[in-house]
Amino acid sequence: MPFLKNTWYVAANAYELDEPMVSRTICNEQIVMFRKADGSVAAIQDRCPHRFVPLSMGKRVGDTLQCGYHGLRFDGSGACVEAPHDDDSQKARACIKGYATVERDKLIWLWLGDAAEADPDLIPEFAFFSDTDKYTSCQGYSHIKGNYQLISDNLLDLSHIHYLHPGIHEGSNFEDFTNKVERNGDTVWSMLWRHHYHVNPAARPMFGLEGDADDVEGQGHARWDAPGVLFVDTAFWDHGKSYGEGWNTPNAHLITPETETTSHYFWGSGRNFARDNEQFTAATAATMKNVFETQDGPMVEAQQRDMGESTDFLEHKPIILKADAAGVLARRIMKQKIAREAEADEAAQIAAE
Ligand code: FES
Ligand SMILES: [Fe+2]
């Protein structure tokens, strides 16, 4: 299945741009990103048009990248600004692809398709990363050898938690949990209410909860947007109280295809308790990385191995369970978007002929 082009992909965690440049393959396109002197982030093709070597093997010269082979130099839009051993006529020919980027909520968003259509208002909201009055957060990255949609499936069906991560809901009876899937435009919500969630009374002070009840109300609502942008809002509160009056950990799971069968997994978590506890922040990041790389990751990678090079999981005719509703809906929306884009490309091609 082709990749969706006219959409925002997470290309990096903002902290990665502290490096002189970051090279990353996104949907099979080699891209190099760098932060310019004015603070904005440039993203251009990581491929010199002369000998097709990565520009990231070269060096930064101010707000430009100089190829490490024969010195062609490119600015943040992809225009060649210097061809040291040639006349100026070559510069216009050497222009490479540039990408629209937006830095928002500690993430670098990149529009893979036509930059003229890159509307920042289409970027899904992850305000908890920026809301430092309310949340402390951490971020990280994992590489998964599986198609990006397999990872979305995993996150939209949280019934896997009881088996793949049994420690997380220890003591809770998942039969008390209820799930409802809703579509709002091209956004899918998988609402999960965790009634009678078990919390260890000894852990309550750490979560900022008073009293000693071991039975609380909870939620793990997941919001999906194309292509694999997920927000999972986890919260717990005492019976008789409501969301916002207890422990809240909003999470980001941002899946960007590297190739058809490999993915970048940018993840992050906020919390409204133990705000100044740096050890807690480090431990949360370490736990997330460990869970994704040793529990979810291997399961997704095993699925991909079984599928070989194929990317359309539903074509393999799996058994569909009740808990798959959100994942199947998200796949249907992706399929529609990709088909619409292919039709528009074809119409534009015919018009140009
Ligand atoms: S390969 Fe880049 S300038 Fe020759
Ligand atoms: Fe998981």
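About the thresholds
- Each chain carries its own residue numbering, running from 1 in the written order of its sequence.
- A letter from A marks each chain and a number from 1 marks each ligand, given out in the order of writing.
- Local features in this predicted model are restricted to residues whose pLDDT is 70 or higher, and side-chain atom pairs enter the listing and the counts only when it is 80 or higher, whereas totals over whole chains, interfaces and linings include all residues.
- Any residue whose C-beta has 12 or fewer other C-beta atoms within 10 Å is treated as exposed, any with 20 or more as buried, and any in between as partly exposed, C-beta atoms being built from the backbone.
- Labels follow the DSSP assignment, with helices taken as runs of H or I lasting at least four residues and strands as runs of E lasting at least two, numbered in each case from the N terminus.
- At least two bridges found by DSSP between two strands is the condition for calling them paired.
- What counts as an axis is a line fitted to C-alpha atoms, over the stretch in contact for a helix, and the angles between N-to-C directions run from 0 to 180 degrees.
- Those domain boundaries reflect an automatic or database domain assignment.
- Each residue is represented by a C-beta atom placed from its backbone, and any two residues with such atoms within 7 Å are regarded as in contact.
- Think of a nonpolar core as buried Ala, Val, Leu, Ile, Met, Phe, Trp, Tyr and Cys residues chained together by C-beta atoms that fall within 7 Å.
- How far a helix is expected to stretch is found by multiplying one less than its residue total by 1.5 Å.
- Throughout, bend refers to the angle between the axes fitted to the seven residues that end at a position and the seven residues that start at it.

## As for the pairing of strand β1 (residues 8-13)
Of all the 6 residues making up β1, 6 are buried; the element is thus mostly covered by neighbouring parts of the structure. Sheet analysis places β1 next to strand β10 (residues 107-111), joined by 5 bridges and oriented antiparallel. When the bridges of β10 are listed, Trp8 appears paired with Trp111.

## Topic: the sheet that holds strand β8 (residues 80-82)
Strand pairing within a sheet occurs via backbone hydrogen bonds; the two strands may be parallel or antiparallel. Across the sheet, 4 strands lie side by side as β5-β6-β7-β8; this open sheet has antiparallel pairing. Two strands bound the open sheet, and with one partner strand each, they are β5 (59-61) and β8. Adjacent strand axes in the sheet meet at a mean angle of 40° when their direction is disregarded. In the sheet, strand β6 (residues 64-66) pairs with strand β7 (residues 73-75) via 3 bridges, with the strands oriented antiparallel. If you follow Thr64 over to β7, its bridge partner there is Asp75.

## So, the domain arrangement of the chain
If you check the domain split of the chain, you get domain 1 (8-122) and domain 2 (127-338). Centre-to-centre separation of domain 1 and domain 2, based on C-alpha positions: 32 Å. With 13 residues of domain 1 at the contact, the number on the domain 2 side is 13 residues. Of all the elements in the fold, those that place two or more residues in the side of domain 1 that touches domain 2 are β1 and β2 (22-26). Counting residues per element, the side of domain 1 that touches domain 2 draws most heavily on β1, at 4 residues.

## A few points about the sheet that holds β1
The strand order β1-β10-β9-β4-β3-β2 describes an open sheet built from 6 strands, whose pairing is antiparallel. Because the sheet does not close on itself, it has two edges, and the strands there are β1 and β2. The mean inter-strand angle of the sheet, taken between neighbouring strand axes irrespective of direction, is 30°.

## Quick word on the nonpolar core
One finds Ala11, Met33, Ala43, Ile108, Leu110 and Ile151 to be the most contacted residues of the largest nonpolar core, which totals 69 residues. Here this core spans two domains, and each of domain 1 (8-122) and domain 2 (127-338) adds at least three residues to it. Once residues within four sequence positions are removed from consideration, Ala43 is found in contact with Ala11, Ile31, Met33, Gly98, Tyr99, Thr101 and Leu110. Counting 7 residues, the second largest nonpolar core, distinct from the first, contains Tyr197, Val199, Leu209 and Trp247.

## Topic: helix α2 (residues 148-156)
Across the 9 residues of α2, 9 count as buried, placing the element largely inside the fold. For α2, every residue scored as buried is listed here: Tyr148, Gln149, Leu150, Ile151, Ser152, Asp153, Asn154, Leu155 and Leu156.

## Details of helix α4 (residues 278-307)
The end-to-end C-alpha distance of α4, which contains 30 residues, comes to 41 Å, matching closely the 44 Å that a straight helix rising 1.5 Å per residue would cover. Most pronounced at Gly297, the bend in α4 amounts to some 45°, and the proline Pro298 follows within four residues. Of all the residues in α4, the buried ones are Thr284, Met288, Phe292, Asp296, Gly297, Val300 and Gln304. At the exit of α4 stands Gly308, carrying a positive phi of roughly 65°.

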